[in-house]
Amino acid sequence: MQKVTLIDLGLKDYKETWEYQETLFQKIIDVKVDNRRNDLTNPTNNYFIFVEHPHVYTLGKSGDMSNLLLNEEQLIEKGATFYKINRGGDITYHGPGQLVGYPIIDLDNFFTDIHKYLRFLEEIIIKTLEEYGIKSERSDGETGVWLDVGTPFARKICALGVRTSRWVTMHGFALNVNANLGYFDNIIPCGIKGKAVTSMEAELGKKIAMEEVKTKILKHFTELFEVEFVS
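Once a new chain begins, its residue numbering starts again from 1 and follows that chain's sequence as written. In view of the model being predicted, local features appear only for residues whose pLDDT reaches at least 70, and side-chain atom pairs are presented and counted only at 80 or more, with totals across whole chains, interfaces and linings using the full set of residues. Heavy atoms from the whole structure form the basis of all side-chain values; hydrogens and water molecules are not counted.

**Comments concerning the overall build of the protein chain**
Logical step 1: Only DSSP runs of H or I covering at least 4 residues are called helices, and only runs of E covering at least 2 are called strands; the numbering of each starts at the N terminus. If you tally the helices and strands in the protein chain, you get 5 helices and 12 strands.
Logical step 2: Rg of the C-alpha trace for the protein chain: 17 Å, near the compact-globule value of 17 Å for 231 residues, within the 12% margin.
Logical step 3: When the backbone C-alpha atoms are referred to their principal axes, the protein chain occupies close to 55 × 40 × 30 Å.
Logical step 4: The 231 residues of the protein chain split such that 50% are buried.
Logical step 5: In this analysis, two residues are considered to be in contact whenever any of their non-hydrogen atoms come within 4.5 Å of each other. Excluding contacts between residues fewer than 6 apart, the proportion of contacts in the protein chain whose partners are at least 24 apart in sequence is 74%.
Logical step 6: Neither His nor the chain ends contribute to the count of charged residues, in which Lys and Arg are positive and Asp and Glu negative. Every charge is mapped onto a representative atom, which is NZ of Lys, CZ of Arg, CG of Asp or CD of Glu. Each charge class in the protein chain can be summarised by its mean position, and for the 27 positive and 33 negative side chains these summaries are 2 Å apart. Each radius of gyration is computed over the set of C-alpha atoms, and the globule rule expresses the reference value as 2.2 Å times the number of residues to the power 0.38. Only protein chains enter the accessibility calculation, which uses a 1.4 Å probe. A residue is then buried if its area is under 20% of the maximum for its type, exposed if over 50%, and partly exposed in between.

**Thoughts on the pattern of salt bridges**
Pairs can form between side chains of opposite charge once their charged atoms are near each other.
Logical step 1: Only one rule defines a salt bridge in this text: a Lys or Arg side-chain nitrogen within 4 Å of an Asp or Glu carboxyl oxygen. Considering all chains together, one arrives at 17 salt bridges under this definition.
Logical step 2: Salt bridges sharing partners connect three or more residues here, namely R119, E122, E123, K127 and R138.

**A few points about the packing of helix α3 (residues 114–130) against helix α5 (residues 210–225)**
Logical step 1: Note on geometry: axes are C-alpha line fits, over the in-contact stretch for helices, and angles between N-to-C directions span 0 to 180 degrees. Put simply, α3 and α5 touch, their axes get as near as 9 Å, and they point 135° apart. As summarised for this structure, α3 and α5 are arranged oblique, according to the angle between their axes. Relative to α5, α3 is oriented so that their crossing is right-handed. Contacts between α3 and α5 involve Y117, F120, L121, E123, I124, I125, K127 and T128 from the former and V213, K216, I217, H220, F221, L224 and F225 from the latter.
Logical step 2: Here the residues of the contact of α3 with α5 sort into 10 nonpolar, 2 polar and 3 charged. By definition in this entry, angles of less than 35 degrees are roughly parallel, angles greater than 145 are roughly antiparallel, angles of 65 to 115 are roughly perpendicular, and the rest are oblique. If you view the pair so one helix is near and one far, a crossing is left-handed when the near helix is turned anticlockwise from the far one by less than a right angle, and right-handed when it is turned clockwise. For this classification, Asp, Glu, Lys and Arg are treated as charged, while Ala, Val, Leu, Ile, Met, Phe, Trp, Tyr, Cys and Pro are nonpolar and the rest, including Gly, are polar.

**Here's the deal with the environment of T58**
Logical step 1: Within the element layout of this structure, T58 appears in strand β3 (residues 56–59).
Logical step 2: C-alpha of T58 to C-alpha of I124: the two residues are 66 residues apart in sequence and 23 Å apart in space.
Logical step 3: Excluding its chain neighbours within four sequence positions, the residues that come into contact with T58 are Y14, Y83, I85, R87, D90, I91, T92 and H94.

**Some details on α3**
Logical step 1: By this rule, a helix spans an expected 1.5 Å times one less than how many residues it contains. End to end, α3 covers 24 Å across 17 residues, agreeing with the expected 24 Å (1.5 Å per residue, within 8%).
Logical step 2: Residues of α3 that are buried: Y117, L118, F120, L121, E122, I124, I125, I126, T128 and L129.
Logical step 3: Under this definition, polar contacts are N or O atom pairs within 3.5 Å; protein pairs additionally need one hydrogen-donor-capable and one acceptor-capable atom, and for neighbouring residues in sequence, both atoms have to be side-chain atoms. You can read the cap of α3 off the contacts: a side-chain oxygen lies 3.0 Å from the backbone nitrogen of H115, and it is on D113.

**Quick word on the pairing of strand β10 (residues 168–176)**
Logical step 1: Taking burial as the measure, the 9 residues of β10 include 9 buried ones, the bulk of the element.
Logical step 2: When DSSP finds two or more bridges between two strands, those strands count as paired. In this sheet, β10 lies alongside strand β6 (residues 98–104) in antiparallel orientation, the contact comprising 4 bridges. Bridging from a neighbouring strand, Q98 pairs with N176 of β10.
Logical step 3: Bridge count for strand β9 (residues 155–165) against β10 is 8 bridges, and the pairing is antiparallel. What sits directly across from T164, in β10, is T169.
Logical step 4: Between β9 and β10, which pair antiparallel and follow one another directly, the connecting turn spans 2 residues, one of which, R166, has a positive phi of 50°.

Have a look at this one:
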């Protein structure tokens, strides 16, 4: 069983969290580089961050600026910030009521397969939603977790976007629990036109306890990745 350090940041500024991610990410990279250069076998640490962000839009490195439908003045009016970042994927929104998970792990401790890693993250969310009676699934060619795929009512409930280097991961998933979905109207989410976005609250018609969702996600992460969470 690999150990994973669990870090819950509560509500935290996006840029501060990004910089914190980069620090943990680089620590793991440095150990791996040192191991290779000096023929060492020092273990690498694994981390998992839970966080909610104040209103923010982020654009991945392959994203299109035209998918942000607000100018700088309108962003200020919405109380939102905007960042171009170094994950894959296009544009997305983060805000209060959305549960964000950032696994910063060394895949050399698990399996060196990015496709499998993404599918595992999706599976964790699918299994978590199932516990609430929400049937979700993958959509071919569209990373993330969706409802009613292949119908005119298809809608996305969880976005994924990751960065990897030397098999170390950062960024992760964003699950709409009680998020204000109106903020998605200001972007073309993930650059996919004509697809709706939803939340657990919207699907179930009630607020969902965030701590309970976290517990379920950690349970399924533990099962799939065969890890032990430590604080």
